[in-house]
Amino acid sequence: MADAHATPHHDYHLVNPSPWPLIASIAVTIMMVGAVVWMKGIVGPDAGPIATALLSDGKAALFFAGLAGVLLAAFGWWADVIKESHAGDHTPVVSIGLRYGMMLFIASEVMFFAAFFWMFFEMAVFNEARAHIPEIGNWAETAAAWSTWPPKGVETLDAWQLPLLNTVILLLSGTTVTWAHHALQVGDRKAAKIGLVITVALGVLFTAVQAYEYQHILHENLFFNAEAVNSGLYGSIFFMATGFHGFHVLLGTIFLLVCLLRLLAGQFTPQKHFGFEAAAWYWHFVDVVWLFLFAFVYVTFG
């Protein structure tokens, strides 16, 4: 009888049993329930002391516990993938599979943002159709608020100030990450490190500028104010689209920071550096999404 654990005579790699998918699923569930608890709460004030401390409105402990679990699962799972690579399990066939997986992930992210753009375009392009909606209940006031775009009372941002600055920052970061990738391919590790350091710094700067922009919007009540009653959809779409993009920039920055640490540890070679390549793909995707956001949300329909 053949030994089931003998060295395989094929190019595929069957992974060992791993706890990380189950841990990640449980942690994400806890984090999402925790987010609902943090924003809305799921128990009333008459609940027991433990339930009130964990599940009442404004309690963030459950969310951060789930987030810690997600980060632990991500670290452990990807560490195992790196160990498999060092063990020689990433054959050419497996490497192709990893690339296809990253491509499909980015494609799914494109569809994610397409939903937000669809919502924004539908409201911006067909806003005049709101005036023809029958007056049912309070809908007439909402339809009137949406009959113009941006809605009456909403104060939009000047696209040629902070949004333009962030556009320049991201475009520059796309250049530096490409420089770092090319330098690694030709064996210039010093230039690769410098390019990655600059890219990570630009990612942090983008996040800081966007946080300042959000603070300005909320402090000045540009989108949600007494004059813009019933027109809060503009602000909701704006924060959903730009906020999720900012979240992706944060994830991409962490992604590139991990690649920088791995590069400093000597783990990447000119022939084998898919982790960095995947991070560069993801960063370019983030750049392209921002160009669409800037062109349409800030400039064309802003």
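Reference entry: report on the structure contained in this document.

### Observations regarding the overall build of the protein
Part 1 of the reasoning: What the protein contains, in helices and strands, is nine helices and zero strands.
Part 2 of the reasoning: In the protein, the succession of α and β elements from N to C terminus is α-α-α-α-α-α-α-α-α.
Part 3 of the reasoning: Each of the 302 residues in the protein was classed as buried or not, and the buried ones make up 37%.
Part 4 of the reasoning: In the protein, the share of contacts with a sequence separation of at least 24, taken over all contacts with a separation of at least 6, comes to 74%.
Part 5 of the reasoning: When the accessible surface of the protein is split by element, carbon and sulfur atoms take 71% of a total near 17400 Å².

### Regarding unusual backbone geometry
Part 1 of the reasoning: Even without a glycine there, the phi angle at Asn 221 is positive, about 55 degrees.
Part 2 of the reasoning: Along the polypeptide, Asn 221 turns up in the loop between helix H7 (189-220) and helix H8 (233-264).
Part 3 of the reasoning: Using a relative accessible area of 41% as the deciding quantity, one classes Asn 221 as partly exposed.

### So, H8
Along an α-helix, a turn takes 3.6 residues, which lines up residues three or four apart on a common side.
Part 1 of the reasoning: With 32 residues, H8 should reach 46 Å at 1.5 Å per residue; the first-to-last C-alpha distance of 46 Å fits that figure.
Part 2 of the reasoning: Among the residues trailing H8, Gly 266 stands out with phi positive, at a value near 80 degrees.

### What to know about the side chain of His 248
Part 1 of the reasoning: Looking at where His 248 falls in the secondary structure, it is placed in helix H8.
Part 2 of the reasoning: Beyond its immediate sequence surroundings of up to four residues, His 248 is in contact with Glu 109, Phe 112, Phe 113, Tyr 282, Phe 285 and Val 286.

### Focus: the environment of Arg 189
Part 1 of the reasoning: Relative to the helices and strands, Arg 189 is located in helix H7.
Part 2 of the reasoning: Arg 189 sits 79 residues away from Phe 268 along the chain, and the two C-alpha atoms are 9.2 Å apart.
Part 3 of the reasoning: Not counting residues up to four positions away in its chain, the partners in contact with Arg 189 are Leu 184, Leu 263, Gly 266, Gln 267 and Phe 268.

### Examining a nonpolar patch on the surface
Part 1 of the reasoning: On the surface, Phe 247, Leu 250, Leu 251, Ile 254 and Val 258 cluster together into a nonpolar patch covering about 420 Å² of accessible area.
Part 2 of the reasoning: Tracing the backbone through its elements, the reader meets Leu 251 in helix H8.
Part 3 of the reasoning: According to the relative accessible area criterion, Leu 251 is partly exposed, its value standing at 38%.

### Re the pattern of salt bridges
Part 1 of the reasoning: With the rule as written, the count across this model stands at one salt bridge.
Part 2 of the reasoning: A salt bridge links Arg 99 to Glu 277; the shortest N-O distance between them is 2.8 Å. Note that Arg 99 is positioned in helix H4 (residues 92-125) and Glu 277 in helix H9 (residues 274-300), a separation of 178 residues in sequence.
Part 3 of the reasoning: Residue Arg 99 is classed as partly exposed on the basis of its relative accessible area, which comes to 25%.

### Structural notes on the nonpolar core
Part 1 of the reasoning: The biggest cluster of nonpolar side chains holds 55 residues, and the ones touching the most others in it are Leu 196, Ile 217, Phe 223, Phe 238, Leu 256 and Phe 276.
Part 2 of the reasoning: Among the elements of the structure, H4, helix H6 (162-185), H7, H8 and H9 are those that each provide at least two residues to this core.
Part 3 of the reasoning: With 15 residues, H9 is the largest single contributor of residues to this core.

### Notes on the packing of H6 against H9
The packing of two helices is summarised by the inter-axis angle and the distance between the axes.
Part 1 of the reasoning: For the pair H6 and H9, interaxial distance at closest approach is 10 Å and the crossing angle is 160 degrees. In terms of orientation, H6 and H9 fall into the roughly antiparallel class. Here H6 and H9 pass one another in a crossing that is left-handed.

Conventions adopted
Residues numbered from 1 in each chain as written. Predicted model: local features only at pLDDT ≥ 70, side-chain atom pairs only at ≥ 80, totals over all residues. Heavy atoms only, no water. Helix = DSSP H or I, 4+ residues; strand = E, 2+ residues; numbered from the N terminus. Buried < 20%, exposed > 50% of the residue type's maximum accessible area, 1.4 Å probe, protein only. Contact = heavy atoms within 4.5 Å. Areas by Shrake-Rupley, 256 points an atom, 1.4 Å probe, with all protein chains shown as cover. Expected span 1.5 Å × (residues − 1). Patch = residues over 30% accessible without salt bridge, like charges linked within 9 Å, V, L, I, M, F, W, Y side chains within 5 Å. Salt bridge = Lys/Arg side-chain N within 4 Å of Asp/Glu carboxyl O. Core = buried A, V, L, I, M, F, W, Y, C linked by side-chain atoms within 4.5 Å. Axes fitted to C-alpha atoms, helices over the stretch in contact; angles between N-to-C directions. Parallel < 35°, antiparallel > 145°, perpendicular 65-115°, else oblique. Left-handed = near helix turned anticlockwise from the far one by under 90°.

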